[in-house]
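Here is what each chain is made of, one letter per residue.
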Amino acid sequence: MKQGNVLILGSGGREHAIAHSLSKSPLLKKLFCIPANPGIAELCQTDKISLSDFEALATFCEKEKIDLVVVGPEQPLAEGIVDFFTQKNILIFGPSQKAARIESSKAFAKNLMAKYKIPTASYKICNSKKQALQELSGFNEKLVVKASGLAAGKGVIICENHNEAKNVISEIFNTNKFGLAGKEIVLEEFMEGEEISVFAFTDGKSYVLLSSAQDHKRILEGDKGANTGGMGAYSPVPVATKEVLKEIKDKIIQPTISALANEGSVYKGVLYAGLMLTKNGIKVVEFNCRLGDPETQVVLPLVKSDLLELILACVQGNVKNYKLELSGKFASTVVLASKGYPEIYEKGKIINGLQNFKNSDELIIFHAGTKIVDGNLVTNGGRVFSITGVSENLQKSLDLVYKKIEEIGFDGKIFRKDIGYRALKGEKT
Ligand code: AMP
Ligand code: GLY
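Residues numbered from 1 in each chain as written. Chains lettered and ligands numbered in written order. Predicted model: local features only at pLDDT ≥ 70, side-chain atom pairs only at ≥ 80, totals over all residues. Heavy atoms only, no water.

1. A closer look at the overall build of the protein chain
The helix and strand inventory of the protein chain stands at 14 helices and 23 strands. Here the C-alpha atoms of the protein chain give a radius of gyration of 21 Å, agreeing with the 22 Å that 2.2 N^0.38 yields for 429 residues. Overall size of the protein chain, expressed as C-alpha extent along the three principal axes, is 60 × 45 × 45 Å. Considering only contacts in the protein chain between residues 6 or more positions apart, those separated by 24 or more positions represent 69%. Of the charged side chains in the protein chain, 55 are positive and 49 negative, and the gap between their average positions amounts to 2 Å. (Helix = DSSP H or I, 4+ residues; strand = E, 2+ residues; numbered from the N terminus. Rg over C-alpha atoms; globule rule 2.2 N^0.38 Å. Contact = heavy atoms within 4.5 Å. Lys, Arg positive; Asp, Glu negative; His and termini not counted. Charge placed at Lys NZ, Arg CZ, Asp CG, Glu CD.)

Here it is as structure tokens:
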């Protein structure tokens, strides 16, 4: 592909960040996004097609002469969009359905890690309530219960004791709480330590790592309250030193890519490793088959190389010869969410303060749950925007973001004021 048309699939802050980076590429002819959001629509031609309707998406690609498809979310990957498009000879970036099991089946991921000695929490896979209740005795009081399948980020429950775990297990099997995703569950040892996310772009053999990131999953400051999709992130993470990164590469990333290839599930795309730096070494919390949200909003603005060139190197099997350049700067992002999130929240609140705003290299607003109604930009989701600052140090990047947040208004706007606090405190585990 000398210069081509690219279609991004998805509609969140992550996809806006992908669009923002791709739109700068000299290799790009025209950018498209389905279903997109108003922020993305400023950069792309958009359309409304269901991401499960592979036939309709392929017809769109033929009509618009799309040269490459970049998949944002996990659902279409788990449903086999890469296999479908590959059969139709349409170039697509992401793992096959089999390889995407690294995220879509926690049982598959855990068994793979056990077989290839990739460090992770000890676990048991259970297919019935009876079995799960029996297996509990093999765990410490505090443990984690997980639905094996995709559960929109809600399938992980940390239980303080076995009684709580019994109730959770009974609820999952009796009420079918997670549907098919909860037919099989994983009981897991509870781990403690600082969490980091790393993203490997791979062609199935070789890979390059973007800079490390730390998400803030809880709704309240100090990492309290309910789990969310992510309330903010920063990159790079100070605890991810050169030595730590070397261990991650040697003991986790390369062995996982090789293991998947060895099992006949060659992994092309982005391998997202959620890791915990425990007292007993670095362990995998989970793998995802895509970029993270909101981590993408900090890791991509730090990439100096052409993102499209990197994606093509993965799709075409050239990562071995690819040299990734990072800017050496720091980025942080803070999510503005609707009051009530992650539970019930209202939509349709008018958003003020963005009328004359233009994204720059230092300050970028990535849309997520926004919509245009009667010419007004209004809220249309739990996570509404994420605002990214890029600077020569973390504090300066955060100052840029928090100053901008003061200028943006919508009824019931909520956000965390402590993004990056672990790094700023120099907190170590
Ligand atoms: P996930 O939805 O798989 O990203 O998990 C959500 C969060 O649950 C993770 O970011 C961790 O903070 C926590 N978690 C998952 N598994 C474990 C574990 N085995 N021990 C401690 N915390 C965990
Ligand atoms: N930031 C967490 C995720 O994307 O799964």
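Additional details are given in the paragraphs that follow.
2. Let's talk about the nonpolar core
Most often, soluble globular proteins keep nonpolar side chains buried together rather than apart. With 73 residues, the main nonpolar core has Ile81, Phe85, Ile253 and Phe385 as its most contacted residues. Top element by residues in this core is helix H10 (residues 242-262). It accounts for 7 residues. Those residues in contact with Ile81, other than ones at most four positions away along the chain, are Leu9, Leu51, Phe54, Leu57, Val71, Pro76 and Ile92. Counting 41 residues, the second-largest nonpolar core is a separate cluster that includes Leu22, Ile40, Val270 and Cys314. (Core = buried A, V, L, I, M, F, W, Y, C linked by side-chain atoms within 4.5 Å. Buried < 20%, exposed > 50% of the residue type's maximum accessible area, 1.4 Å probe, protein only.)

3. Considering the site of ligand 2
Looking at ligand 2, the residues that line it are Asp215, Lys217, Gly229, Tyr272, Asn288, Arg290, Gly292, Asp293, Pro294 and Glu295. The side chain of Arg290 places a nitrogen or oxygen atom 2.9 Å from an oxygen atom of ligand 2. Starting from 200 Å² of accessible surface for ligand 2 in isolation, the protein chains cover 87%. Here the residues of the shell around ligand 2 sort into 2 nonpolar, 3 polar and 5 charged. (Near = heavy atom within 4 Å. Polar contact = N/O pair within 3.5 Å; in protein donor to acceptor, adjacent residues only side chain to side chain. Areas by Shrake-Rupley, 256 points an atom, 1.4 Å probe, with all protein chains shown as cover. Nonpolar A, V, L, I, M, F, W, Y, C, P; charged D, E, K, R; others polar.)

4. Considering the site of ligand 1
The local shell around ligand 1 holds 14 residues, among which Glu188, Glu189, Met191, Glu195 and Glu286 are the closest. Between an oxygen atom of ligand 1 and a side-chain N or O atom of Lys217, the distance comes to 3.0 Å. In isolation ligand 1 offers 490 Å² of accessible surface; the protein chains occlude 91% of this area.

5. Re H10
With 21 residues, H10 should reach 30 Å at 1.5 Å per residue; the first-to-last C-alpha distance of 28 Å fits that figure. Looking only at H10, the buried set comprises Val244, Ile248, Ile252, Ile253, Thr256, Ile257, Ala259 and Leu260. The elements touched by buried residues of H10 are helix H6 (101-104), helix H7 (106-115), strand S10 (194-202), strand S11 (207-209), strand S16 (269-278) and strand S17 (281-288). Remark: Gly264 follows H10 within two positions and exhibits a positive phi of approximately 80°. (Expected span 1.5 Å × (residues − 1).)

6. Notes on the environment of Val237
You can see Val237 is positioned in the loop between strand S15 (232-235) and H10. In this structure Val237 comes out as buried when scored by relative accessible area, which is 3%. Through-space distance from the C-alpha of Val237 to that of Lys217 is 16 Å; in sequence the pair is 20 residues apart. Setting aside residues up to four positions removed in sequence, Val237 forms contacts with Glu194, Ile196, Ser212, Ala213 and Gln214.

7. Quick notes on the layout of surface pockets
Taken as a whole, the second largest pocket encloses approximately 560 Å³ of empty space. Residue lining of the second largest pocket: 23 residues in total, with Glu42, Leu354, Gln355, Phe357 and His367 positioned closest to the centre. When contributions to the lining of the second largest pocket are tallied by element, the ones reaching two or more residues are helix H1 (13-22), helix H2 (38-41), strand S19 (363-367) and strand S21 (376-379). (1 Å grid on protein atoms, 1.4 Å probe; cavity = no way out; pocket = protein on both sides within 12 Å on 5 of 7 lines; lining within 4 Å. Points joined across faces, edges and corners; volume = space filled by probe spheres on them.)

8. As for the pairing of S16
Most of S16 sits inside the fold, with 10 of its 10 residues counted as buried. With 9 bridges connecting them, S10 and S16 associate as antiparallel partners. Looking at the pairing, Val198 lines up with Ala273 of S16. Taken together, the 7 bridges between S16 and S17 define a ladder with antiparallel strand orientation. Paired with Leu277 across the two strands is Ile282, which belongs to S17. (Pairing = 2+ DSSP bridges.)

9. Regarding the sheet that holds S17
Strand order in the open sheet made by the 4 strands is S11-S10-S16-S17, with antiparallel pairing throughout. If you trace the sheet from one side to the other, it starts and ends with S11 and S17, each paired once. For this sheet the average axis-to-axis angle between neighbouring strands, irrespective of direction, equals 30°. Alignment of S10 against S11, held across 3 bridges, turns out to be antiparallel. The residue bridging Phe201 from the neighbouring strand is Val208, located in S11. (Axes fitted to C-alpha atoms, helices over the stretch in contact; angles between N-to-C directions.)

Shape descriptors only; they carry no functional weight alone.
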